[in-house]
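Now for the letters of each chain:
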Amino acid sequence: MNQSKLVSIIVPIYKSERFLHKCVRSILEQTYRNLEIFLVDDGSPDRSGEICDSYAKLDRRIHVIHKENGGVSDARNSALKLITGEYVTFLDGDDWLENDYIEYLMRLVLENNADMALTDSVFTTRDRQQVYSDKTVIYTNEQAVARLLLFVPIGPWNKIYNVDVIRRNKLSFTQKMSGEGLHFSVMNAQYSNKIVEGKRKIYDYRLNNQGSALTDSNVQMGISSLDGIFEIDRALKIRTPLTTFAVDWHKWKNWFYTLRLIIASDTLSVNQSLYKKCIKNVKQEGWSLLLRKDAIKILGVKSWVKTLLKTIFTESIANYLVIKERSSLLDDVRNIENTLR
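Residues numbered from 1 in each chain as written. Predicted model: local features only at pLDDT ≥ 70, side-chain atom pairs only at ≥ 80, totals over all residues. Heavy atoms only, no water.

Student: Could you clarify how one ought to interpret a nonpolar patch on the surface in this entry?
Tutor: A cluster of nonpolar residues, W287, L291, I296, V301, V305, L309, I312 and F313, forms a patch on the protein surface that exposes about 750 Å² of accessible area. Counting residues per element, the nonpolar patch draws most heavily on helix α12 (residues 301-312), at four residues. Within the element layout of this structure, W287 appears in helix α10 (residues 272-290). When its relative accessible area of 39% is taken as the criterion, W287 is described as partly exposed. (Patch = residues over 30% accessible without salt bridge, like charges linked within 9 Å, V, L, I, M, F, W, Y side chains within 5 Å. Areas by Shrake-Rupley, 256 points an atom, 1.4 Å probe, with all protein chains shown as cover. Salt bridge = Lys/Arg side-chain N within 4 Å of Asp/Glu carboxyl O. Helix = DSSP H or I, 4+ residues; strand = E, 2+ residues; numbered from the N terminus. Buried < 20%, exposed > 50% of the residue type's maximum accessible area, 1.4 Å probe, protein only.)

Student: Just checking my understanding: could you explain the pattern of salt bridges for this structure?
Tutor: Opposite charge on two side chains permits them to pair, given that their charged atoms come into close proximity. What the rule picks out here adds up to 25 salt bridges. K199 is paired through a salt bridge with E197; the nearest N and O atoms lie 2.7 Å apart. Where R292 meets D248, a salt bridge forms, and the shortest distance between an N and an O atom there is 2.6 Å. In this pair, R292 is assigned in the loop between α10 and α11 (295-299) and D248 in helix α9 (residues 241-264), connecting sequence segments 44 residues apart. Its relative accessible area of 29% is what places R292 among the partly exposed residues. Accessibility expressed as a relative area gives 22% for D248, which makes it partly exposed. One salt-bridge network, in which partners are shared between bridges, spans D233, R239, D248, K251 and R292.

Student: Could you clarify how one ought to interpret the sheet that holds strand β4 (residues 87-90) in this entry?
Tutor: Taken in spatial order, the eight strands make up an open sheet running β3-β2-β1-β4-β9-β6-β10-β8, and their pairing is mixed. Unpaired on one side and paired on the other, β3 (62-67) and β8 (137-139) mark the two borders of the sheet. The mean angle between the axes of side-by-side strands here comes to 20 degrees, regardless of whether they run parallel or antiparallel. Both strand β1 (residues 7-13) and strand β2 (residues 35-42) contribute to a ladder of seven bridges, which runs parallel. Its bridge partner lying in β2, P12 is registered against V40. (Pairing = 2+ DSSP bridges. Axes fitted to C-alpha atoms, helices over the stretch in contact; angles between N-to-C directions.)

Student: Could you clarify how one ought to interpret the pairing of strand β6 (residues 116-119) in this entry?
Tutor: Burial of the side chains of β6 extends over both faces: M116 and L118 are buried on one face and A117 and T119 on the other. Across three bridges, β6 lies against strand β9 (residues 159-162) in antiparallel orientation. In the strand pairing of β9, M116 is matched with Y161.

Student: So what exactly am I meant to see when it comes to α9 here?
Tutor: Count 3.6 residues to each turn of an α-helix, and residues three or four apart come out pointing the same way. Across its 24 residues, α9 extends 34 Å between first and last C-alpha, which sits within 8% of the 34 Å expected from 1.5 Å per residue. α9 sits mainly inside the fold: 17 of its 24 residues count as buried. Following α9 by one or two positions, D266 adopts a phi angle in the positive range, close to 55 degrees. (Expected span 1.5 Å × (residues − 1).)

Student: Can you help me understand the environment of P12 in this one?
Tutor: Mapped onto the elements of the fold, P12 is located in strand β1. Using a relative accessible area of 10% as the deciding quantity, one classes P12 as buried. For the pair P12 and G93, spaced 81 residues apart in the sequence, the C-alpha separation amounts to 6.1 Å. For P12, the contacting residues outside a window of four places in its chain are V40, V72, A75, R76, L91, D92 and G93. (Contact = heavy atoms within 4.5 Å.)

Student: Which parts of the structure should I look at to understand unusual backbone geometry?
Tutor: For residues other than glycine, phi is negative in most cases, and the peptide bonds are mostly trans. Located in the positive-phi region is N158, a residue other than glycine, with phi close to 75 degrees. Examined against the element boundaries, N158 turns out to sit in the loop between α5 (141-150) and β9.

Student: Please explain the packing of α10 against α12 as it appears in this structure.
Tutor: For any two helices packed against each other, the geometry is given by the interaxial angle and the distance between the axes. Here α10 crosses α12 at 150 degrees, and the two axes come no closer than 9 Å. With respect to each other, α10 and α12 are oriented roughly antiparallel. The way α10 lies across α12 gives a crossing that is left-handed. Packed against α10, whose contacting residues are V282, K283, G286, W287 and L290, the element α12 presents W304, T307, L308, K310, T311 and I312 at the interface. (Parallel < 35°, antiparallel > 145°, perpendicular 65-115°, else oblique. Left-handed = near helix turned anticlockwise from the far one by under 90°.)

Note that every value here comes from positions in space, so none of it alone points to a role or purpose.
Take a look at the structure:
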């Protein structure tokens, strides 16, 4: 395909020493070659910064930023100020890419004259099954905002963005512990002229990094995720029955997520008030959503039923999912060596 468009890749890195070689190699092995790569060492206390410097000596496309620790949003924002590509995408330092990640997303963008492209699912260290068939779906701003809030993985990765849209609308990552990627993607979607989605899995999401926020049952992550969705609600310009339903459903989802974190972190005694508030909101907001006109049409039968069950059996399902996640994480950690090569 035509590779005349420069694509920027931003990788925030913190305590990623064990996973970084696989991450960076997956970028260097991309079939789309016209890249500039920003590796952002966010004050990592391990050898991550040193590893980044070693790769910069091997490939002139790599630029390394060393900075004091400021969190993942600050790391991404520091590179966003410096990129010169026409399009930009993101990768976390413990994840990796399929070798046609950039080529696939750029083909979606260029063939459909779109400002933003994404896929709706990812590989994980638990799920290595590719989708049965691929297809392309084009969304309006309204449809894309709802899609991102309801069905698409919330990270900024797995997507590619027009840099001109970002700069014209002064978009950046909010300084949140959780949910910053969803905010960035939704804001981009609402300002983009056209958004295109493919089905093929091209991003590899690591579930067995015990040092990541994903595996740390920190209740503050739930609180931050709630702050994030309320911030999206305040900043949303496209307000229709579809987008407001999607925002409200995601609020409901984050109340349930926060409840799970309280259980998983064994902090019920110090979060008793928040625990009760989560249960109250899951039930009240759940019923409100389920009874809205077109709820089944918007969510689909499967998601509607899942929402119904969590609304009725809130505590029981939350406890079950915590037990299931703990078991899955133990299996992930046992198999970690198989995902480092």
